[in-house]
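Commentary on secondary and tertiary structure
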Amino acid sequence: MFEDISGRTALVTGASGGLGLHFARLLARQGANVLLAARRGDVLERACAEIAAAGGKAAPVILDVADAHSVAEVVGNLASDVDILVNNAGISVAKRALDLSEADWDDVIDTNLKGGFLMAQAVARRMQAAGLEGAIVNIASILGLRVAGNLAAYAASKAGTVQMTKALALEWARHGIRVNALCPGYIETDLNRDFFAGEDGQALIRRIPQRRLGQPTDLDGALLLLCSDAGRYITGAALAVDGGHLVSSL
Ligand code: NAD
């Protein structure tokens, strides 16, 4: 269904686990050469070996998205140009706004918003210098479009990511670089499985119109659409994949 991305180079940040590792495996299965980026080299080496054993092409890239020097140096010195960037690295701090420290706020904004910008800018500079067209997919969240309690910094970072996506799409369309945001709803991963199995988690699931959590594979169609030429006329979009959570009844 999707146009071919085999032979393209895709860089996925936050690829040492969770959704980032899922996206890296998916893109590798579609034939892309995948660069798995995160801070821990040993974890990335294991993930790359697993992808290679399944017949994919993968290499680790050690960087901290929140560190401008790390991003500029590592992306600037990559052996190959990047056709697809999946800006996935992200953190959240769950605290009441009254208890949120300056350090909490900075950590979340620096990783999710500044980190996404630094990566997009570094990759777009390379694309433009090489005359390459490409696709950038920023992993935002439905919390960039609506709010929930105890996640003020996270929601602000994701709303910023959605607006940044539109601003970059406007500036870079003329260079053939598409920039879109994918806004997942609640997706089951190792980190949240226990919470969703409990009473509070089950109550939350009952508020999702489809009455179920998303699975990482539920994001595959949207990710491949935005990364591949199937989405060639889509730029500046914020695509929610959330089982209808954003349209839940008020
Ligand atoms: P996760 O914690 O399992 O994975 C996050 C990854 O980002 C990890 O590999 C971590 O090492 C990496 N990372 C964090 N800070 C980094 C930094 N400074 N530099 C490089 N890498 C860094 O989380 P996840 O659930 O897989 O979430 C992935 C993305 O999807 C995040 O942006 C998150 O906000 C978003 N998201 C997740 C859900 C969900 O339900 N899981 C829903 C909406 C959006």
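Looking at an unreviewed UniProt entry, the protein chain carries the name 2-deoxy-D-gluconate 3-dehydrogenase, with the source organism given as Devosia elaeis. We quote the UniProt Sequence similarities (unreviewed entry) comment for the protein chain here in full: "Belongs to the short-chain dehydrogenases/reductases (SDR) family."

As a further point, take the site of the ligand. As a structural note, the neighbourhood of the ligand is formed by 27 residues, with S16, L19, D64, N88 and Y154 the closest of them. In this structure, Y154 approaches the ligand through a side-chain N or O atom, which is 2.5 Å from an oxygen atom. In isolation the ligand has 830 Å² of accessible area, and contact with the protein removes 88% of it. Of all the elements in the fold, those that place two or more residues in the shell around the ligand are α1 (18–29) and α5 (152–172). Its residues placed into classes, the shell around the ligand shows 13 nonpolar, eleven polar and three charged.

Attention now moves to the packing of α1 against helix α8 (residues 220–227). At their nearest, the axes of α1 and α8 sit 11 Å apart, and the two run at 60° to each other. Taken together, the axes of α1 and α8 lie oblique to each other. Relative to α8, the crossing made by α1 is right-handed. Touching H22, F23, L26 and L27 of α1 are D220, L223, L224 and C227, all from α8.

The subject of this paragraph is the pairing of strand β1 (residues 9–13). By the criterion of burial, β1 is predominantly enclosed, with five of the five residues buried. Neither face of β1 is open: one carries T9, L11 and T13, the other A10 and V12, and all of them are buried. Bridge count for β1 against strand β2 (residues 33–38) is five bridges, and the pairing is parallel. Residue pairing in the sheet places T9 in a bridge with N33 of β2. Here β1 runs beside strand β4 (residues 84–87); their pairing, made up of three bridges, is parallel. Bridging across to β4, A10 finds its partner in I84.

Turning next to the pattern of salt bridges. Applying the stated rule across the entire model yields eight salt bridges. When the shortest N-O distance is used, the salt bridge between R25 and E50 registers 2.8 Å. A residue pair is termed long-range when its members are at least 10 positions apart, and R25 in helix α1 and E50 in helix α2 (residues 41–53) qualify at 25 residues. Ionic contacts of the salt-bridge type, sharing partners, join the residues E188, D190 and R193 into one network.

The rules behind these values
- Residue positions are given per chain, counting from 1 as you read along its sequence in written order.
- Given that this is a predicted model, residues contribute local features only at a pLDDT of at least 70 and side-chain atom pairs are listed and counted only at 80 or more, while totals for whole chains, interfaces and linings are drawn from all residues.
- With hydrogens and water stripped out, all remaining heavy atoms of the structure feed into the side-chain values.
- UniProt positions are given in the numbering used here, feature names are shortened, and annotations may be inferred rather than shown by experiment.
- Whether a residue is near a molecule or strand is decided by its heavy atoms; if any one of them lies within 4 Å of it, the residue is near.
- Counting of polar contacts relies on pairs of N or O atoms within 3.5 Å, with two restrictions inside protein: one atom must be capable of donating a hydrogen and the other of accepting it, and residues adjacent in sequence are counted only when both atoms are side-chain atoms.
- All accessible areas in this document rest on Shrake-Rupley with a 1.4 Å probe, and a residue is counted as covered only by the protein chains that are shown.
- Numbering of helices and strands runs from the N terminus, with a helix taken as a DSSP run of H or I at least four residues long and a strand as a DSSP run of E at least two residues long.
- Put simply, Ala, Val, Leu, Ile, Met, Phe, Trp, Tyr, Cys and Pro go in the nonpolar bin, Asp, Glu, Lys and Arg in the charged bin, and everything else, Gly too, in the polar bin.
- Note on method: axes are straight lines fitted to C-alpha atoms, helices fitted across the in-contact stretch only, with angles between N-to-C directions ranging 0 to 180 degrees.
- Roughly parallel means an angle under 35 degrees; roughly antiparallel, over 145; roughly perpendicular, 65 to 115; everything else is oblique.
- Handedness of each helix crossing follows the sense of rotation of the near helix against the far helix: counterclockwise by less than a right angle gives left-handed, clockwise gives right-handed.
- Throughout, a residue-residue contact means that at least one pair of heavy atoms, one from each residue, lies within 4.5 Å.
- Whether a residue is buried, partly exposed or exposed follows from its accessible area with a 1.4 Å probe, protein chains only, as a fraction of its type maximum: under 20%, in between, or over 50%, in that order.
- Note on pairing: two strands pair once DSSP finds at least 2 bridges between them.
- One side-chain nitrogen of Lys or Arg within 4 Å of one carboxyl oxygen of Asp or Glu is enough to make a salt bridge.

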